[in-house]
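Architecture at a glance
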Amino acid sequence: MISCQAHVRWALVGAAMTVAALVGGCGGNYRPVISSISSSGPASQITSYVVAVTSTGSNADGVVSIIDYSGDSVMAQATIGLGPTAFTLDESGSTGYTLNSDNTLSNFSISTSLQTKSVSTSTLSSTKIVNFLAPSSGLWATDLNGDVVDIFSGSPEAIKNKVSVAATMPMFIAGSSSSSGTRQYVISQNVSDAIACNQSPTTAPSGTATPIMVSTYTTDTPITVGKCPVFAVPSTDQNRVFVLNRGDDTISVINNQSGALDSCTPFQNESGQWVTCHPTIQLPAGSGPVFAVYNATTEQLIVSNYDGGTISVIDVPLDKYGNDSNNYSNSTCIASGDTTSTYAGCGSITGGFGATIRTISVGNTTTPNPASVAVLYDGTKAYTANQNDDASGSGNGTVSVVNLSSYTLEKTLTVTGHPRSISATQNSEYNKVYVASPDSDYLTIIKSTPTETDVTDTTLRLSGQVLDLRVTTENGSNSTLSNYSSRVPGYGQPCNLPGSTYTASLTACQALP
């Protein structure tokens, strides 16, 4: 047998390629390892779902549909109680709640494996619930039977506390996102008719926001707000609650740290900056605000003005102390550490909290009636559901796209039916906006990609007319939602269809076609 060493000696007189080949065959030599290189490929799609609740009437089972973000397909469906009237997701986007016409409360987990047998049901008694607030745990509801707030616990939910409020027509609740928060705020209109704020909001009395301490379920001093308060939303840092008053075109600003209107005598903070407080933000006359989104990225409140056919974009920056920050014409008075200037010496307010309000007209007609608004998480665009924007007479409304950098209307798209609900989900390259109408069983999906901008992607048919819809995440990594209160037609909120015939009674206002 010829040894490996002998092979090598023999190979020295041959070609270099032969040497390399024979040396490579010797058992004691190093053998290189080849590692494969994987391509990075495109970014993965985010895990997000659209949750839509549909109904075909008060005597038929409602249906909840879970639709995936990446494929625009229905992943799961389940039946809930008869004729759902209110719907929301909790703050984490993991649990849904509906109030049903058969006086039941449905609770279901948001999962692609959802089945009807997984839906929990509670039978309610001696209640007349209007709207829900669903923090990360627990459930709160405004109840017209006795003007109280019902606080639920357990699964299925049962009422464990009832808290009376010193006001009439409690129709909305907003506030803390968790059971460890400070206060929830019950919004009462102090009117005797459930559609008074739809028919004549300007003649209504002032409304009331009642603070309820989360830890003790006791009320604080009631807060007087504007006429016909119809909606409220907290800032994402929970320091402020903004109450929309349709009757006098104002926004009442509640300081959640004090549980009162955001009022104070101007003072200097520890950095020497002058701080002023703003109990009220005045919108243009005839605005009729009905819905708002607080955007944390830009620290702005984007308001949908139903009566004025506009949206208002309001700067509402908050510093780490919860103080309102402003800019003044005399900049020297707010220099860091300056404690010698007087507030009067600061001059006029030129920017900051509530000082700058940009109003943008939407739609194709003079009365588009934007019923709601959605905002991309990065704060670059807003989308309005224009319920009555039927320029062609086709019986359909529109969605307007507003650029929030230039504060201009970019385009308006026709959608199926008279849209009332709209939500948006965003990641780094792909945005999707979901639009639904209570007189249509189609969900319209508008998308933006690196090659397309705000185009109608598809329409997805669901099992009945859409009561409301929500997304489970507003971007790829955010696990909390900014809006976790339900919103029903009537009580000053837009009816299921526009027009005076639908405000003749609450039943007519809320009826699905």
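Quick look at the structure, then.

In terms of regular secondary structure, the chain is built from four helices and 37 strands. For the chain, the residues scored as buried account for 54% of the 513 residues in total. Across the chain, the fraction of contacts at a sequence separation of at least 24, relative to all contacts at a separation of at least 6, is 51%. Roughly 20,300 Å² of accessible area belongs to the chain as shown, and the carbon and sulfur atoms make up 50% of that amount.

Counted under the stated rule, the structure contains three disulfides. One disulfide in the model links Cys197 with Cys228; its S-S distance is 2.0 Å. When the S-S torsion is -85 degrees, as for the bridge of Cys197 with Cys228, the disulfide is left-handed. Taken together, the positions of Cys197 in helix H3 (residues 196-199) and Cys228 in the loop between strand S15 (223-227) and strand S16 (229-234) put the pair 31 residues apart, joining distant regions of the chain. Pair check on accessibility: Cys197 and Cys228 agree, each one buried. Disulfide partner of Cys264: Cys277, at an S-S distance of 2.0 Å. Between Cys264 and Cys277, the disulfide has an S-S torsion of 100 degrees and is therefore right-handed. Residue Cys264 is found in the loop between strand S19 (260-261) and strand S20 (267-268), and its partner Cys277 is found in the loop between strand S21 (274-275) and strand S22 (280-282); the two are separated by 13 residues along the sequence. Residue class for Cys264 comes out partly exposed when judged on its relative accessible area of 33%.

The next subject is the pattern of salt bridges. All told, the structure shown has 13 salt bridges when counted by the stated rule. Residues Lys447 and Asp457 are paired through a salt bridge, measuring 3.5 Å at the closest nitrogen-oxygen approach. Here Lys447 is found in strand S35 (residues 442-448), whereas its partner Asp457 is found in strand S36 (residues 455-461), with 10 residues between them in sequence. Here the residues in one salt-bridge network are Asp143, Asp150 and Lys162, joined through shared partners.

Spatially, S4-S5-S6-S7 is the arrangement adopted by the four strands of the open sheet, whose pairing is antiparallel. Lying at the two open borders of the sheet, with one neighbouring strand each, are strand S4 (84-89) and strand S7 (120-123). Between one strand axis and the next, the sheet turns by 20 degrees as a mean value, whatever way the strands run. Summarising the sheet, strand S5 (residues 95-100) and strand S6 (residues 104-109) pair through five bridges and their orientation is antiparallel.

Through backbone hydrogen bonds, the strands of a sheet pair up, either in parallel or in antiparallel fashion. Judged by pairing direction, the sheet is antiparallel, and its four strands sit side by side in the order S23-S24-S25-S28 without closing on themselves. Bordering the open sheet on either side are strand S23 (289-295) and strand S28 (357-361), each of which pairs with just one other strand. When the angles between neighbouring strand axes are averaged without regard to direction, this sheet yields 20 degrees. Direction of pairing for S23 relative to strand S24 (residues 300-305): antiparallel, over a ladder of six bridges. Considered in S24, the bridge of Tyr294 is made with Leu301.

Grouped together as the largest cluster of nonpolar side chains are 65 residues, with contacts concentrated most on Phe242 and Leu301. Per element, the largest residue contribution to this core is five residues, and it comes from S23. Discounting residues that sit within four places of it in the chain, Phe242 has contacts with Phe231, Ala232, Val233, Ser235, Ile251, Ser252, Val253, Tyr294, Leu301, Val316 and Phe353. Core analysis: the next-biggest nonpolar cluster, separate from the first, contains 15 residues, Val53, Ile66, Val119 and Leu467 among them.

Before going further, it helps to spend a moment on the layout of surface pockets. Considering only enclosed or pocket space, the largest pocket measures out at about 610 Å³ in volume. If you trace the largest pocket, you find 36 residues lining it, with Val293, Glu474, Leu481, Ser482 and Asn483 closest to the centre. Among the elements of the structure, S23, strand S29 (370-375), strand S33 (421-426) and strand S37 (465-471) are those that each provide at least two residues to the lining of the largest pocket. Ranked by residue count, the leading element in the lining of the largest pocket is S23, at five residues.

What counts and how
- Residues numbered from 1 in each chain as written.
- Predicted model: local features only at pLDDT ≥ 70, side-chain atom pairs only at ≥ 80, totals over all residues.
- Heavy atoms only, no water.
- Helix = DSSP H or I, 4+ residues; strand = E, 2+ residues; numbered from the N terminus.
- Buried < 20%, exposed > 50% of the residue type's maximum accessible area, 1.4 Å probe, protein only.
- Contact = heavy atoms within 4.5 Å.
- Areas by Shrake-Rupley, 256 points an atom, 1.4 Å probe, with all protein chains shown as cover.
- Disulfide = S-S within 2.5 Å.
- Salt bridge = Lys/Arg side-chain N within 4 Å of Asp/Glu carboxyl O.
- Pairing = 2+ DSSP bridges.
- Axes fitted to C-alpha atoms, helices over the stretch in contact; angles between N-to-C directions.
- Core = buried A, V, L, I, M, F, W, Y, C linked by side-chain atoms within 4.5 Å.
- 1 Å grid on protein atoms, 1.4 Å probe; cavity = no way out; pocket = protein on both sides within 12 Å on 5 of 7 lines; lining within 4 Å.
- Points joined across faces, edges and corners; volume = space filled by probe spheres on them.

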